Amino acid sequence: VQLQASGGGSVQAGGSLRLSCAASGLTFRLYAMGWFRQAPGKEREFVAVISGSGGSTKYAASVKGRFTISRDNAKNTVNLQMISLKPEDTAVYFCAADRTSYGLGGTSLGDFGSWGQGTQLTVSS
């Protein structure tokens, strides 16, 4: 499985950005996909997850209402649209694939078996 995240960059507070993750090596539509982030000196934390069909999503409380996860199963991509960005959103963002097919999509690191390399988001005040 290969996951390639892209779209990171530097934005000012209040701005928006869209992250994308291209997946290969798996039957993409069968796997829940998630986004996690890791800020300097902090542990990696859950951001959002979407089921294989795209019909179910979950968000961390800190991003709910500002971030939207979506997927395109025809293109094997999962996206994270971020608006109203805050300096505390600054982190390396990772996409991840569920450890098992037909999974419901958890929120813990251990629920995911494949990880991308991460893309940096920096939000300045």
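Residue positions are given per chain, counting from 1 as you read along its sequence in written order. Totals for whole chains, interfaces and linings use all residues, but because this is a predicted model, local features are given only for residues with pLDDT of at least 70 and pairs of side-chain atoms are given and counted only at 80 or more. Working from all heavy atoms in the structure, the side-chain values ignore hydrogens and water.

As for the overall build of the protein
When you go through the protein residue by residue, the secondary structure sums to 0 helices and 11 strands. For the protein, the C-alpha atoms occupy an extent of roughly 40 × 30 × 25 Å along the three principal directions. Here the protein, with 125 residues, has 44% of them falling under the buried criterion. Contacts between residues were defined by any pair of non-hydrogen atoms, one from each residue, lying within 4.5 Å. For the protein, the proportion of contacts with a sequence separation of at least 24, taken over those separated by at least 6, is 57%. Method for areas: the Shrake-Rupley scheme with a 1.4 Å probe, in which residue coverage is limited to the protein chains shown. For the protein, the computed accessible surface area is about 6,100 Å², with 47% contributed by carbon and sulfur atoms. Per the convention used, a helix needs a DSSP run of H or I reaching at least four residues, while a strand needs a run of E reaching at least two, with both numbered from the N terminus. Throughout this description, buried means an accessible area under 20% of the type-specific maximum (1.4 Å probe, protein chains only), exposed means over 50%, and partly exposed covers the range between.

Some points on the packing of aromatic side chains
A pair of Phe, Tyr and Trp rings is counted when the ring centres sit within 6.5 Å of each other, with Trp represented by its six-membered ring. The angle between the planes then sorts it: under 30 degrees is stacked, over 60 is edge-to-face, the rest tilted. Under the counting rule described, the total for this entry stands at 4 aromatic pairs. Ring centres of Phe-36 and Phe-46 lie 5.8 Å apart, and the angle between their planes is 75 degrees; on these two criteria the pair is classed as edge-to-face. With a gap of 10 residues between them, Phe-36 in strand β4 (residues 33–38) and Phe-46 in strand β5 (residues 45–50) connect regions that are remote in the sequence. Overall, the relative accessible area of 1% leaves Phe-36 in the buried class.

Brief notes about the nonpolar core
To define a nonpolar core, start from buried Ala, Val, Leu, Ile, Met, Phe, Trp, Tyr and Cys residues and group those joined through side-chain atoms within 4.5 Å. Counting residues in hydrophobic clusters, the biggest one holds 36 residues, and the most contacted among them are Trp-35, Leu-80, Met-82 and Tyr-93. Secondary-structure elements contributing two or more residues to this core are β1 (2–6), β3 (17–24), β4, β5, β7 (67–72), β8 (77–82), β9 (91–98) and β11 (119–124).

Some remarks on the state of the cysteines
Note on terminology: pairs of cysteine sulfur atoms within 2.5 Å are recorded as disulfides. Under the criterion given, the structure shown has 1 disulfide. Covalently, Cys-21 is tied to Cys-95 through a disulfide, its sulfur atoms 2.1 Å apart. Here the disulfide of Cys-21 and Cys-95 is right-handed, its torsion about the S-S bond being about 55 degrees. Of this pair, Cys-21 sits in strand β3 while Cys-95 sits in strand β9, and the two are 74 residues apart along the sequence.

Overview of the environment of Thr-90
Looking at the secondary structure, you find Thr-90 in the loop between β8 and β9. Separated by 68 residues in the primary sequence, Thr-90 and Ala-22 place their C-alpha atoms 22 Å from one another. Setting aside anything within four residues of it in sequence, one finds Thr-90 in contact with Ala-39, Gln-120, Leu-121, Thr-122 and Val-123. At 2.8 Å, the side chain of Thr-90 and the backbone nitrogen of Val-123 are in polar contact. As used in this structure description, the phrase polar contact means that two N or O atoms lie within 3.5 Å; if the pair is within protein, one of them must be able to donate a hydrogen and the other to accept it, and residues adjacent in sequence are counted only when both atoms belong to side chains.

Thoughts on the pattern of salt bridges
When the charged atoms of two side chains lie near each other, side chains of opposite charge can form a pair. We count a salt bridge whenever a side-chain nitrogen from Lys or Arg sits within 4 Å of a carboxyl oxygen from Asp or Glu. Applying the stated rule across the entire model yields 3 salt bridges. A salt bridge links Glu-45 to Arg-37, with the nearest nitrogen and oxygen atoms 2.7 Å apart. A residue is classified by how much of its surface remains accessible, and Glu-45, at 36% relative accessible area, is partly exposed. Two residues, Arg-66 and Asp-89, come together in a salt bridge whose shortest N-O distance is 2.7 Å. A residue pair is termed long-range when its members are at least 10 positions apart, and Arg-66 in the loop between β6 (57–59) and β7 and Asp-89 in the loop between β8 and β9 qualify at 23 residues. Neither Arg-66 nor Asp-89 differs from the other in exposure class; each is buried. Put simply, Arg-37, Glu-45, Arg-66 and Asp-89 are held in one network by salt bridges that share partners.

This is a description of form; function is not addressed.
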